[in-house]
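Chain and residue survey
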Amino acid sequence: MRYGGVMERYDVIILGSGLVGLTLGIALESAGLRVAAIDAMPPERALDADFDGRASAIASASWRMLETLGIAADLRPHGCAIHRIEVRDGLQRNALDFTTAPDDDPLGTMVENRILRRVIHDRAGHCKNLVRYAPVRVTDQTRDDRGTTVSLDTGVVLSAPLIVVAEGRNSESRAKAGIRIAQWRYDHTAIISAFDHTRPHNNIAHEIFYPAGPFALLPLHPGTRSALVWTVSAKDAPGIIALSDRAFLHEIEKKSGGLLGKASLAAPRSSYPLGFHHTARITAQRLALVGDAGHGIHPIAGQGLNLGFRDAAALAEVLIDGARTGLDLGDVQLLERYERWRSIDALSVAMATDTLTRLFGISGRPASAIRRLGLGAVQRIAPLKQFFMSEARGETGALPRLLQGAAV
């Protein structure tokens, strides 16, 4: 952490040093760029074991980026590969399954967020040209034809050709830039926890759809522990959180149909309100948005963090290519390239998850019959099934070099 001085000059200033923002900083620094990462949260708070009880499914393409950046090696002992996903409408016997070949990449790797955050912070600490300012607050920022400046409450002023906003879904910088946003709340809350079970998960993720929302069981390390993401109606969430441990575990076993045997809690319960937001654009004058600052989706497909990693990989490639050709990193040509590259993919995933959320939320036998017919069709049509598996791996579209496992 550094403070003091009249003016600190960088190639890129990143506002927010969460998982996506700090990964972007590491990628840029690895190519020789000088980067400042600013955050209002004390680092010790972000690294506290109780700060974020969630776990993330890191798609195979995202994992290749983490390998290239020297992050995955320390994650590997804690990660759990997903080799099969089973999707059910309720507790129907025949599931739609996505199963990898023995010699193929996994569909994703489950890692607890607290571990992911710690490893990324540790890797950033070894980047000599990535300077982190935290905890600090931004008191002023300017963007004009000549460049950008960011003033901190410590008296430090930073300057750079470009500001990257990675502040999350409630970004103040996005609002100040006048970027319009479409957003709505789902009448849903996600109940998050983890539990041990008597039957091994065998690296299988289960997604069970109920009218109130999906009930997801996600394999964790070791083989008899799973993460829980249980979507419930907002009005029911307080009651579920207030259940005794015994009653809560009974509900888990009931909703899972006994797939994993007897359950015992391995983590506290927490809850998150669910919503959708998507910005009209992801760039402005000398400014780019990444991750939740630009888009937030329902966790129904587990793609939220991966969308952010795809933003980081694309923006890193655009900026590094620009630096090598001597362009101003805030040049409109570079920002337009990033906008074109990411806007369609992000919107497509966002709308697909919203559609799935609404489709599986329709109650009644006719709707259930249609859903089961659709799941059966995907199971039988090999090219369609392969497409969904490629989407889960994050391997569709024009992949940035980092997502292919190559240095930029």
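Whatever comes next refers back to the structure up there.
Residue numbering note: each chain is counted from 1, following its sequence as written. Thresholds applied to this predicted model are a pLDDT of at least 70 for local features of residues and 80 or more for the giving and counting of side-chain atom pairs; totals over whole chains, interfaces and linings are not thresholded and use all residues. With hydrogens and water stripped out, all remaining heavy atoms of the structure feed into the side-chain values.

Regarding the packing of helix α1 (residues 19-30) against helix α5 (residues 113-124)
Two quantities define a packed helix pair, namely the angle between the axes and the distance from one axis to the other. For clarity, the threshold we go by: Each axis is a line fitted through C-alpha atoms, and for a helix only the stretch in contact is used; angles between axes span 0 to 180 degrees, taken between their N-to-C directions. Strands here are runs of E lasting at least two residues and helices are runs of H or I lasting at least four, both read from the DSSP assignment and numbered beginning at the N terminus. Oblique is the label for any angle not covered by the other classes, which are roughly parallel (under 35 degrees), roughly antiparallel (over 145) and roughly perpendicular (65 to 115). Handedness of a crossing follows from how the near helix is turned relative to the far one, being left-handed for an anticlockwise turn of less than a right angle and right-handed for a clockwise one. Only heavy atoms enter the contact rule, under which two residues are in contact if any of them lie within 4.5 Å.
For the pair α1 and α5, the least separation of the axes is 10 Å and the interaxial angle reads 30 degrees. Classified by the angle their axes make, α1 and α5 are roughly parallel. For the pair α1 and α5, the crossing hand works out as left-handed. Here Leu-19, Leu-22, Thr-23 and Ile-26 of α1 lie close against α5, whose contacting residues are Leu-116, Arg-117, Ile-120, His-121, Arg-123 and Ala-124.

Concerning the packing of α1 against helix α9 (residues 304-324)
To keep it simple, the criterion reads: Basically, the charged four are Asp, Glu, Lys and Arg, the nonpolar ten are Ala, Val, Leu, Ile, Met, Phe, Trp, Tyr, Cys and Pro, and anything else, Gly included, counts as polar.
At a minimum axis distance of 9 Å, the contact between α1 and α9 shows a crossing angle of 25 degrees. What the angle tells us is that α1 and α9 run roughly parallel. Like other packed secondary-structure pairs, α1 and α9 cross with a definite hand, here right-handed. For the pair α1 and α9, the contacting residues are Leu-19, Val-20, Thr-23, Leu-24, Ala-27 and Leu-28 in the first and Leu-305, Gly-308, Phe-309, Ala-312, Leu-315, Ala-316, Leu-319 and Ile-320 in the second. In the contact of α1 with α9, the residues fall into 12 nonpolar, two polar and no charged.

Section: the packing of aromatic side chains
Note the cut-off: Here the aromatic set is Phe, Tyr and Trp, taking the six-membered ring for Trp, and pairing holds for ring centres within 6.5 Å; pairs whose planes are under 30 degrees apart are stacked, those over 60 apart are edge-to-face, and all others are tilted. Residue exposure (1.4 Å probe, protein chains only): buried if accessible area is under 20% of the type maximum, exposed if over 50%, otherwise partly exposed.
Applying the stated rule across the entire model yields four aromatic pairs. Their ring planes at 75 degrees and their centres at 5.6 Å tell us that Phe-215 and Trp-230 sit as a pair that is edge-to-face. Taken as a pair, Phe-215 in strand β16 (residues 213-220) and Trp-230 in strand β17 (residues 225-233) lie far apart in primary sequence, 15 residues in all. Both residues of the pair, Phe-215 and Trp-230, count as buried. Between Trp-230 and Phe-248 the ring centres are 6.1 Å apart and the planes differ by 35 degrees, which places this aromatic pair in the tilted class.

Let's talk about the sheet that holds strand β3 (residues 35-38)
Stated formally: DSSP-based pairing: two strands are paired if at least 2 bridges between them are found.
Read from one edge of the open sheet, six strands run β9-β3-β2-β13-β21-β20, paired in mixed fashion. Strands at the two margins of the open sheet, each flanked by one partner only, are β9 (130-133) and β20 (283-284). Sheet analysis places strand β2 (residues 12-15) next to β3, joined by four bridges and oriented parallel. Residue pairing in the sheet places Val-12 in a bridge with Val-35 of β3. Of the strands in this sheet, β2, β3, β9 and β13 (162-165) are in contact with α1, which crosses β9 at around 150 degrees.

Digging into the nonpolar core
Stated precisely, the cut-off is as follows: Residues grouped as a nonpolar core are buried Ala, Val, Leu, Ile, Met, Phe, Trp, Tyr and Cys residues, joined through side-chain atoms within 4.5 Å.
Core analysis: the largest hydrophobic core is formed by 75 residues, its most contacted members being Leu-24, Leu-28, Ile-38, Leu-75, Leu-116, Tyr-133 and Leu-158. Among the elements that line this core, the one with the most residues is α9, at 10 residues. Ignoring sequence-local partners within four residues, the contact set of Leu-24 consists of Ile-14, Val-164, Val-290, Ala-312, Leu-315 and Ala-316.

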